[in-house]
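Structure assessment
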Amino acid sequence: MWLHFLLIALLGFGALVSNTRKNDAGKSFILGLVFIVFLLLAGLRIDTVGNDTTNYAEYFAKIIDCDDLSQVFATSRYEIGFSAVTFFITRLTDNFNLFLLMATAFYLFSVCRFVKAYALSYSSVILLSFGLSMLYDPLVTLRQCMAVGVFLFAIKPFVEREPLHYFSLILLACTFHLSAVILFPAYFLPKLRFTAASDYLRLLLMLALCAATVGVVLRLFVGIFPYYAHYFETVYGGGGVRLASILLLCVRLALFVLALLSNWHLYQGSVEKSDEKSDVILRFNSLMAADLVVAASSLSFNLLDRIEAYFVLPFIVVISNAINYRKNINGRICNLLAILISFVYITVLLVFRSEWFGIFPYSMVF
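Everything numeric in this text was worked out from a predicted model, so none of it was measured. (Residues numbered from 1 in each chain as written. Predicted model: local features only at pLDDT ≥ 70, side-chain atom pairs only at ≥ 80, totals over all residues. Heavy atoms only, no water.)

Some points on the nonpolar core
Considering soluble globular proteins, one finds that nonpolar side chains tend to be buried as a cluster. With 125 residues, the main nonpolar core has Phe 38 and Phe 130 as its most contacted residues. The contact partners of Phe 130, leaving out residues within four places of it in the chain, are His 4, Leu 7, Ile 8, Leu 11, Phe 38, Leu 135, Tyr 136, Phe 343 and Ile 346. (Core = buried A, V, L, I, M, F, W, Y, C linked by side-chain atoms within 4.5 Å. Buried < 20%, exposed > 50% of the residue type's maximum accessible area, 1.4 Å probe, protein only. Contact = heavy atoms within 4.5 Å.)

Written as structure tokens, this is what we have:
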């Protein structure tokens, strides 16, 4: 766990350097730092670090012996996009860590690119992303991280209402992790404008409705995609509210409340002043609401926190942008509290539920 606290200190240093620089290169320092550090951390790990890494290492070794893609698809239990990428990488190298480096580089590039495109404060978003586990995810959920990376490229066509471009990218994301199918209906999420009490009431009703009906929806989903039926036989599908799901939702709601207490209304009010940015704000509001809805739904089925991974970075960007919309005392205090809450959250999970990650003790290949 010493490495975890070292990473916190390193990210704090990166944020301090970035925040004291006014030019774009200086502000981007933390993005470069995160890309390099977490690329090396995820790419150079031994195959026992991360819960699924051993399975990926065995799969990689098996694909090396395949002669063509048809043989790969016939023997693979993974989605065709991930299988195809793995096959083509094995034609270039038989080194598993190079495969991890390539896959992680794509994910981290997509995250850093997204932050640079939409975040008002790079440092704030990166620190919150670390606290909400996004930067550890490549060590644990590699296939889904690649699907998330593709989805982040689909945000621009989502905002600009380019359905062909959006659905093509989501279809590609599904070839890496089938859970990305949830992103097809996400295109039809309505713009959300938080300017009246009724807007917040609708959000609360959505949270309650989804938490109550998620069981029925999941049974219908499994009827269409029977591959996921085995999850209902696990401890996660046995019913009952789990502490991890409560913590997941409470942390998201706490960050939302901090945004409300800072510059939220100024940020939402900027929609009226800027046509250029209004669609981004309103569409991101809908993705933020989707994140909260999925978090609430996970009270009924814990594994839905995997679905939440698709919406967490847009959620973080909305929260951070609202908090940092004005450089005032309320914003600074709420930003610090949000980061502290997220750091406590990830640390509690790593200390008390380390088996969910399998990251520590950490070892490199040399």
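So that's the structure; there's more coming.
Section: the environment of Asp 47
Examined against the element boundaries, Asp 47 turns out to sit in the loop between helix H3 (29-43) and helix H4 (53-64). The partly exposed category is assigned to Asp 47, whose relative accessible area is 36%. Note: C-alpha distance between Asp 47 and Asn 97 (50 residues apart in sequence) is 8.8 Å. Residues in contact with Asp 47, not counting those within four places in the same chain, are Thr 53, Thr 54, Ala 57 and Phe 96. (Helix = DSSP H or I, 4+ residues; strand = E, 2+ residues; numbered from the N terminus.)

Some thoughts on helix H1 (residues 2-19)
Under the 1.5 Å per step criterion, the end-to-end length of H1 is 26 Å for 18 residues, consistent within 8% with the ideal 26 Å. Looking at H1, one finds that the buried residues are Leu 3, His 4, Leu 7, Ile 8, Leu 11, Gly 14, Ala 15, Val 17 and Ser 18. Tucked inside the fold, the buried residues of H1 contact helix H2 (24-27), H3, helix H8 (122-131) and helix H18 (329-352). (Expected span 1.5 Å × (residues − 1).)

A short note on the packing of helix H13 (residues 243-261) against H18
Two elements in contact, H13 and H18, have axes whose closest approach is 9 Å; the angle formed by their N-to-C orientations is 170°. Between H13 and H18, the crossing angle belongs to the class labelled roughly antiparallel. In this structure, H13 uses Leu 247, Leu 248, Val 251, Arg 252, Ala 254, Leu 255, Leu 258 and Leu 261 to contact H18, whose residues at the interface are Asn 330, Cys 334, Leu 337, Ala 338, Ile 341, Tyr 345 and Leu 349. Of the residues that constitute the contact of H13 with H18, the class distribution is 13 nonpolar, one polar and one charged. (Axes fitted to C-alpha atoms, helices over the stretch in contact; angles between N-to-C directions. Parallel < 35°, antiparallel > 145°, perpendicular 65-115°, else oblique. Nonpolar A, V, L, I, M, F, W, Y, C, P; charged D, E, K, R; others polar.)

Concerning H3
Taking 1.5 Å per residue, 15 residues should reach 21 Å; H3 reaches 21 Å between its end C-alpha atoms and fits that length. What H3 keeps buried is the set Ile 30, Leu 31, Leu 33, Val 34, Val 37, Phe 38, Leu 39, Leu 41, Ala 42 and Gly 43. Against the buried residues of H3 lie H1, H2, helix H7 (96-118) and H8.

Structural notes on the packing of aromatic side chains
Tallying each qualifying case throughout the model produces 35 aromatic pairs. Summarising the aromatic geometry, the rings of Phe 151 and Phe 311 are spaced 6.3 Å apart at their centres and angled 80° between planes, so their arrangement reads as edge-to-face. Placement of Phe 151 in helix H9 (residues 142-159) and of Phe 311 in the loop between helix H16 (305-308) and helix H17 (312-323) is noted, with a sequence separation of 160 residues between them. For Phe 151, a relative accessible area of 1% translates into the label buried. Both rings, one in Phe 158 and one in Tyr 166, keep their centres 6.0 Å apart while their planes meet at 45°; by these two values the pair is tilted. Relative accessible area serves as the criterion here: at 0%, Tyr 166 is assigned to the buried category. A network of ring pairs unites the aromatic residues Tyr 56, Tyr 59, Phe 60, Tyr 78, Phe 82, Phe 96 and Phe 99 as a single cluster. (Phe/Tyr/Trp six-rings, centres within 6.5 Å; stacked < 30°, edge-to-face > 60°.)

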